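# Survey of secondary and tertiary structure
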Amino acid sequence: MAHSNQIENVVQITRGDAASPVVLVCEHASHLIPDEFDNLGLPEAAKRSHIAWDPGAHEVASHMSQHLQAVLVESKISRLVYDCNRPPEAPDAMPARSEAFAIPGNEGLTKQDRAQRAQAFYDPFRRSLATQINARKCPVIITIHSFTPVYNGTVRDVEIGILQDDDGRLADAFLNAAPRHTDLRVQRNAPYGPEHGVTHTLKTHAVPQRHLNVMIEIRNDLIATESAQLEMATLFSRWAVDALATLGVSLEHTSCKV
Ligand SMILES: [Zn+2]
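Residues numbered from 1 in each chain as written. Predicted model: local features only at pLDDT ≥ 70, side-chain atom pairs only at ≥ 80, totals over all residues. Heavy atoms only, no water.

## Re helix 5 (residues 169-177)
Under the convention used in this document: Under the scheme applied here, a residue whose accessible area is under 20% of the maximum for its type counts as buried, over 50% as exposed, and between as partly exposed, the area being computed with a 1.4 Å probe on protein chains only. Counting from the N terminus, the helices are DSSP H or I runs at least four residues long and the strands are E runs at least two residues long. Here a residue-residue contact requires only that any non-hydrogen atoms of the pair lie within 4.5 Å.
Counting buried positions along helix 5 gives seven out of nine residues, so the element sits mostly inside the fold. Buried within helix 5 we find Arg-169, Leu-170, Ala-171, Ala-173, Phe-174, Leu-175 and Ala-177. The secondary structure elements touched by the buried residues of helix 5 are strand 6 (140-147), strand 9 (160-163), strand 10 (186-188), strand 11 (212-219) and helix 7 (226-246).

So this is what it looks like as structure tokens:
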């Protein structure tokens with residue numbers, strides 16, 4: 001079988017029946033490249049590097065799902081096969097290059113190859129996420145990512161990025177609440193922002209619908225161990241509850257005041 005589009009093979013839903021309005025999303029949770037792609041021709045070092053996934057993001061998101069008793073929707077496939085935070089027409093949905101690495105298995109893809117990948121890996125993710133969001137009365141979309149401390153040889157000083165697209169209500173609330181929760185270097189729309197095409201999930205599932213939303217980027221050296229991942233998840237869970245409370249949203253009473 002060339003492609004499997006069985007949802008359970010490509011999308012992981014945790015706590016799908018949670019009552020919380022929070023919908024956690026992790027598009028880059030996995031570095032798995034299905035066998036049929038023959039590792040996309042990549043060397044071993046590249047297959048598990050940050051170009052293939054967001055190291056630590058899955059663990060942080062999982063712990064947050066537990067702390068907040070909230071659903072978590074994750075892609076089970078490497079972003080090099082299909083980046084679920086990109087629309088099918090974006091060249092970097094199936095990048096032929098990422099940072100220093102060429103990705104041989106993504107070179108010269110035909111229109112049909114691209115359409116097949118989108119159908120197999122993006123459509124189930126998009127549909128599953130939409131179903132989870134639609135099942136909640138006043139959903140709050142929080143996407144969890146990690147970024148590399150050094151990119152193309154440049155060291156990044158920012159430690160936490162709070163990213164937004166056109167609707168910055170929840171990003172503002174997070175940034176305003178930051179001093180109550182952390183001494184880490186927190187910045188809006190860093191180390192990149194909507195101009196780099198990274199807010200696709202927010203733009204698709206939250207902004208047009210007026211759902212509160214934010215994208216969280218954590219420098220991956222800060223979540224490299226189990227204890228650090230748990231600590232960061234605890235930090236972000238408390239921070240989220242506080243930020244939402246300042247907007248009049250209580251996670252206990254599922255109110256829709258915004
Ligand atoms: Zn990411």
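## Some thoughts on helix 7
To keep things clear, this is the line we draw: Any helix carries an expected span of 1.5 Å times its number of residues minus one.
End to end, helix 7 covers 30 Å across 21 residues, agreeing with the expected 30 Å (1.5 Å per residue, within 8%). Listed in full, the buried residues belonging to helix 7 are Ala-228, Gln-229, Met-232, Ala-233, Leu-235, Phe-236, Ser-237, Trp-239, Ala-240, Asp-242, Ala-243 and Leu-244. Of the residues trailing helix 7, Gly-248 is marked for its positive phi of about 85°.

## Considerations on the packing of aromatic side chains
Two descriptors summarise a pair of aromatic rings, namely the distance from one centre to the other and the angle between the planes of the rings. The following threshold applies: Aromatic pairs are defined between Phe, Tyr and Trp rings, using the six-membered ring for Trp, whenever the two ring centres lie within 6.5 Å; interplanar angles under 30 degrees are classed as stacked, those over 60 as edge-to-face, and all others as tilted.
Tallied over the full model, the rule gives four aromatic pairs. Judged by centre distance (5.5 Å) and plane angle (55°), the ring pair of Phe-174 and Trp-239 falls under tilted. A residue pair is termed long-range when its members are at least 10 positions apart, and Phe-174 in helix 5 and Trp-239 in helix 7 qualify at 65 residues. An identical accessibility class is assigned to Phe-174 and Trp-239; each is buried. Taken together, a centroid distance of 4.9 Å and an interplanar angle of 20° make the contact between Phe-236 and Trp-239 stacked. Taken together, the residues Phe-236 and Trp-239, both in helix 7 and three residues apart, mark about one turn of the helix. What makes Phe-236 buried here is its relative accessible area of 0%. An aromatic cluster is present here, built from Phe-174, Phe-236 and Trp-239 joined pairwise through their rings.

## Quick look at the sheet that holds strand 2 (residues 22-26)
So the rule is basically this: At least two bridges found by DSSP between two strands is the condition for calling them paired. Structural elements are reduced to axes, namely lines fitted to C-alpha atoms, with helices fitted over the stretch in contact, and the angle between N-to-C directions of any two is expressed from 0 to 180 degrees.
If you walk across this open sheet you meet the seven strands as 1-3-2-6-11-9-10, and the pairing is mixed. Two strands lie at the open edges of the sheet, namely strand 1 (11-14) and strand 10, each paired on one side alone. Going across the sheet, the axis of each strand differs from the next one's by a mean of 20°, ignoring polarity. Sheet analysis places strand 9 next to strand 11, joined by four bridges and oriented antiparallel. The residue bridging Ile-160 from the neighbouring strand is Ile-218, located in strand 11. Docked against the sheet, helix 5 engages strand 6, strand 9, strand 10 and strand 11, running at close to 50° with respect to strand 11.

Don't take any of this as a statement about function, it's just geometry.
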